[in-house]
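In case you want the letters, here they are:
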Amino acid sequence: GERRRTNEDHVLGDYENIEGIVVENSYLEEKTDTLASLAELSIMMGPAFAPFIEESFSYALKMADFSSPPVRKSAMLCLSQTAIALHKLIHKNNYQDESALLPKMLSVSVPHLIEAVKTDKERELVCGALESLNEMLKEIGAEMGGNDAFLDELIEIVKDVLSCSTACQKDEEDDTYSEEVDDESELATVLLDYAASILPTLATAIGGAKFAPYYKMFLPLLLPKNNLCKKNWASGTVAEMIQKTGPAVTPFAETLLNYFLKGMKDSSPDVVSNCVFGIGALAEACGPALAGQYPKFLEVLAPLLKENGDGRTMDNVLGAVARMIKTQPDAVNLSLVLPAFVQWLPLREDMEENVTVYSCMRYLMGAGALNTHLPALVPIFAAELSNRKVGEEGRAELAQIMTAVMTGYPDLMKNFGQDDLAKLQGLLVNNGS
């Protein structure tokens, strides 16, 4: 006859589809904190941590398959950071890796991180694995994988994440993979961003010429249609990829240019700003191939320079124009462009563009093109030289400009008092001029 359902069946049935139960307690927190601390100490302590690297790595490897996701995430961080720490010791501190420990660490940690991206169901943990791979790629380079097969695997997992086809992106309800399921999830968007961020790093690691063919694979995945969150990070990622790829991106210039020009009409200031940066990066990378398009670029960029305009966008317009001037100066009508350019200095928000803008100013000054604008520019240059937000490289450019002004245009310094001049001299010394 029919078997009667017992109380035990009811209890087991409640847990039938559960793969595991995680209990949070101080014991697990202690493991997580220990691994995170070891990861941080390995980087911060430098040579003093050398005797503990192998032991720390071994402990992290032991914890890398632990049942608790936070412990696993910290373990993966420790795996990557201890490997990076040892690489730095070898290449910056002349540490002798007599037992060839680094290749052994990489041969274990890299496959483990790649496998976690493929198969782990915890999105936050997969974000951590992608971040660790990116950091290792930045610090160690493509040789971290040991062979070309690693490159293929890395490309594959980035493609899988951007295609929303990894285990952590799976829709548990119908056992399928779907981007639409996760569009509203912040963590899902962060996951895509972490994966895409590997691409510019990879372009740097293997070189633009070797990376360029991958544009065919990734542009369809990175150039979104209507998803605002995706447009925000994708536009920035594509622009950064162009910078790292260099002239080898030229065959894809038309597709990329159309994407950026369309993006400049977007309602999101972040998307517009990223696309403006992308146009400048594309003009710089492609050189003469896009010089004939400069008038069109300037026409669409000019309206973005306005009172109460978005500060970051306006800074990126100045950066884009500076890149065009330095790349193909004969293709830019300086008599029309420079008055507007000077009017909107200094930069407001995107301080990373300072070095681009002021290196262009230094180039123009050397060419004698700034003479009529110097009375307006010198006070700006002098003030920005003491602005720490400008960045070290930007201030170095300014120091060279101001040294040339004081030598070649002494009349422009008459409005500076003795105290101001003494302060300026000190700033010039401190910034390497």
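All figures in this text were calculated on a predicted structure; none of them were measured in a lab.

What counts as what
- Residues numbered from 1 in each chain as written.
- Predicted model: local features only at pLDDT ≥ 70, side-chain atom pairs only at ≥ 80, totals over all residues.
- Heavy atoms only, no water.
- pLDDT = per-residue confidence, 0-100.
- Helix = DSSP H or I, 4+ residues; strand = E, 2+ residues; numbered from the N terminus.
- Contact = heavy atoms within 4.5 Å.
- Axes fitted to C-alpha atoms, helices over the stretch in contact; angles between N-to-C directions.
- Parallel < 35°, antiparallel > 145°, perpendicular 65-115°, else oblique.
- Left-handed = near helix turned anticlockwise from the far one by under 90°.
- Nonpolar A, V, L, I, M, F, W, Y, C, P; charged D, E, K, R; others polar.
- Expected span 1.5 Å × (residues − 1).

Undergrad: Hey, could you run me through the confidence of the model for the protein in this one?
TA: Low-confidence regions, as indicated by low pLDDT, have predicted coordinates that should not be scrutinised in detail. Mean pLDDT for the protein: 89, with 89% of residues reaching 70 or above. Across the protein, the element-wise mean pLDDT spans from 46 in helix α8 (residues 179–182) up to 97 in helix α16 (residues 311–327). Every residue in residues 1–5 is under pLDDT 50, and counting partners more than four places away or in other chains gives 4 contacts. Across residues 180–184 the pLDDT falls below 50, and counting only partners more than four positions away or on other chains, this stretch makes 6 contacts in the model.

Undergrad: Hey, could you run me through the packing of helix α2 (residues 26–44) against helix α3 (residues 53–63) in this one?
TA: The packing of two helices is summarised by the inter-axis angle and the distance between the axes. Between α2 and α3, whose axes approach to 11 Å, the crossing angle comes to 140°. Considered as vectors, α2 and α3 are oriented oblique to each other. The two elements α2 and α3 meet at a crossing, and its hand is left-handed. Of the residues in α3, those touching α2 at Lys31, Thr34, Leu35 and Leu38 are Ser56, Tyr59, Ala60 and Met63. When its residues are assigned to classes, the contact of α2 with α3 shows 5 nonpolar, 2 polar and 1 charged.

Undergrad: Where do I start with unusual backbone geometry in this structure?
TA: Residues other than glycine predominantly adopt negative phi, and peptide bonds predominantly adopt the trans conformation. Residue Leu345 is joined to Pro346 through a cis peptide bond whose omega torsion reads 0°. Structurally, Pro346 is set in the loop between α17 (334–343) and α18 (354–366). We note that Ala100 has phi near 50°; this positive angle belongs to a residue other than glycine. Considering the arrangement of structural elements, one finds Ala100 in the loop between α4 (69–92) and α5 (101–119).

Undergrad: Is there a simple way to think about helix α7 (residues 148–162) in this case?
TA: Note that an α-helix has 3.6 residues per turn; residues three or four places apart therefore point the same way. Under the 1.5 Å per step criterion, the end-to-end length of α7 is 22 Å for 15 residues, consistent within 8% with the ideal 21 Å. Looking one or two places after α7, you find Cys164, whose phi comes out positive at around 60°.

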